[in-house]
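So the chains spell out like this:
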Amino acid sequence: MAAENGQTVFQTFVIEGKEFFDAGKVSTEIKSMLKELGVQPEIVRRVAIAMYEAEMNVVMYAERATVSVQLTPTTIRIIVDDRGPGIADVELAMQEGYSTATPEMRELGFGAGMGLPNIKKNADRFEIESTLGKGTKLEITIWIN
Amino acid sequence: MVLSDVQKLLDCQVFSGDEFLDRTVIFAGAADLMSDVLAFTRSGALLLTGLVTVQTIQTAHIADLSAIIFVRGKKPDKTVISVANEKKIPLMGTAYSMYEACGILYRAGIPPTMNSLRTIEGA
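Residues numbered from 1 in each chain as written. Chains lettered and ligands numbered in written order. Predicted model: local features only at pLDDT ≥ 70, side-chain atom pairs only at ≥ 80, totals over all residues.

(A) Local environment of the confidence of the model for chain B. Confidence in the prediction for chain B averages 94 pLDDT; 94% of positions are at 70 or higher. The complex prediction reports pTM at 0.91, with the ipTM value standing at 0.88. (pLDDT = per-residue confidence, 0-100.)

Put into structure tokens, the structure is as follows:
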């Protein structure tokens, strides 16, 4: 496998906003890709959960996002860069239970203010940058060993 | 305990994944909030839920859950069933309410997958 041979695997994906039916597709693809590359199941699960929360956020709030996944023998780094409304108060959005979700989003079992804290919980390093009216960029890093 | 034992205990109708009913059930949890499922369940857990959507299946797939039981007679539509088939996630339905279904499985000895803020004395 590429990652085990000391090489770096790099792949990009696109998430379309408001496409609720497809929500989870990119996370599933990333999950399968890591599994095939032989990454340990516990690590794959953490990446998949963090990625799925990030994907749901894009689908619920943003117009579109590009996702880049970089896998080295020691690290998985995912950047989710969206074009969207941005987050007015990032510190507040990082608090469990704070949410601006609509009833439609809540009907899907999301939008309870758990997404960003849950991404942080599953990541070894988590960075977030947001500009109102432009978009939000997340950088999720998970160590493999 | 395996899924077919759970099926008998809760008198479940099987909507998909008949061939996976020999999967072992180690933990179970109940939630309608998928973020709670993602945050607090363990790999291989059985999920009881009243939320019958494609997102429920996606969440189960992402979190490596063993199966989903819809409570209080809720039935998945064709789309939900086809996504579950594709992801190899068994779907079952019980007429019991969430509270009763959980009680039956808890009494049968299946421990919780979610970490509570405190433990039940004498359990």
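We are not done yet, so read on.
(B) Here's a closer look at helix α2 (residues 41-61) of chain A. Compared with an ideal rise of 1.5 Å per residue, which puts 21 residues at 30 Å, α2 of chain A spans 30 Å between its outermost C-alpha atoms and is within 8% of the ideal. Of all 21 residues in α2 of chain A, 16 are buried; the element is thus mostly enclosed. (Helix = DSSP H or I, 4+ residues; strand = E, 2+ residues; numbered from the N terminus. Expected span 1.5 Å × (residues − 1). Buried ≥ 20, exposed ≤ 12 C-beta atoms within 10 Å, placed from the backbone.)

(C) Region of interest: unusual backbone geometry. All names here are of chain B. Positive phi, normally seen in glycine, also occurs at aspartate 11, with a value near 50 degrees. Looking at the element boundaries, aspartate 11 is found in the loop between α1 (3-9) and β1 (13-16). Even without being a glycine, arginine 72 presents a positive backbone phi close to 50 degrees. Looking at where arginine 72 falls in the secondary structure, it is placed in the loop between β4 (67-70) and α4 (78-87). Owing to 14 C-beta atoms within 10 Å, arginine 72 belongs among the partly exposed residues under this scheme.

(D) The arrangement of the interface of chain A and chain B in detail. Taken residue by residue, the interface counts 19 residues in chain A and 18 residues in chain B. At the level of elements, α1 (25-36), α2 and α5 (115-122) of chain A are the ones that each hand at least two residues to the side of chain A that touches chain B. Per-element accounting of the side of chain A that touches chain B gives the leading share, five residues, to α2 of chain A. Broken down by class, the residue content of the side of chain A that touches chain B amounts to nine nonpolar, six polar and four charged. (Contact = placed C-beta atoms within 7 Å. Nonpolar A, V, L, I, M, F, W, Y, C, P; charged D, E, K, R; others polar.)

(E) Region of the structure containing the sheet that holds strand β4 (residues 125-131) of chain A. All names here are of chain A. If you walk across this open sheet you meet the five strands as β1-β2-β3-β5-β4, and the pairing is antiparallel. Looking along the sheet, the strands with just one partner apiece sit at the ends: β1 (9-16) and β4. Shown here is a sheet whose adjacent strand axes are inclined to one another by a mean of 10 degrees, direction ignored. Both β4 and strand β5 (residues 135-143) contribute to a ladder of seven bridges, which runs antiparallel. Considered in β5, the bridge of glutamate 127 is made with glutamate 139. Across the face of the sheet, α1 comes into contact with β1 and β2 (64-71) while running at roughly 165 degrees to β1. (Pairing = 2+ DSSP bridges. Axes fitted to C-alpha atoms, helices over the stretch in contact; angles between N-to-C directions.)

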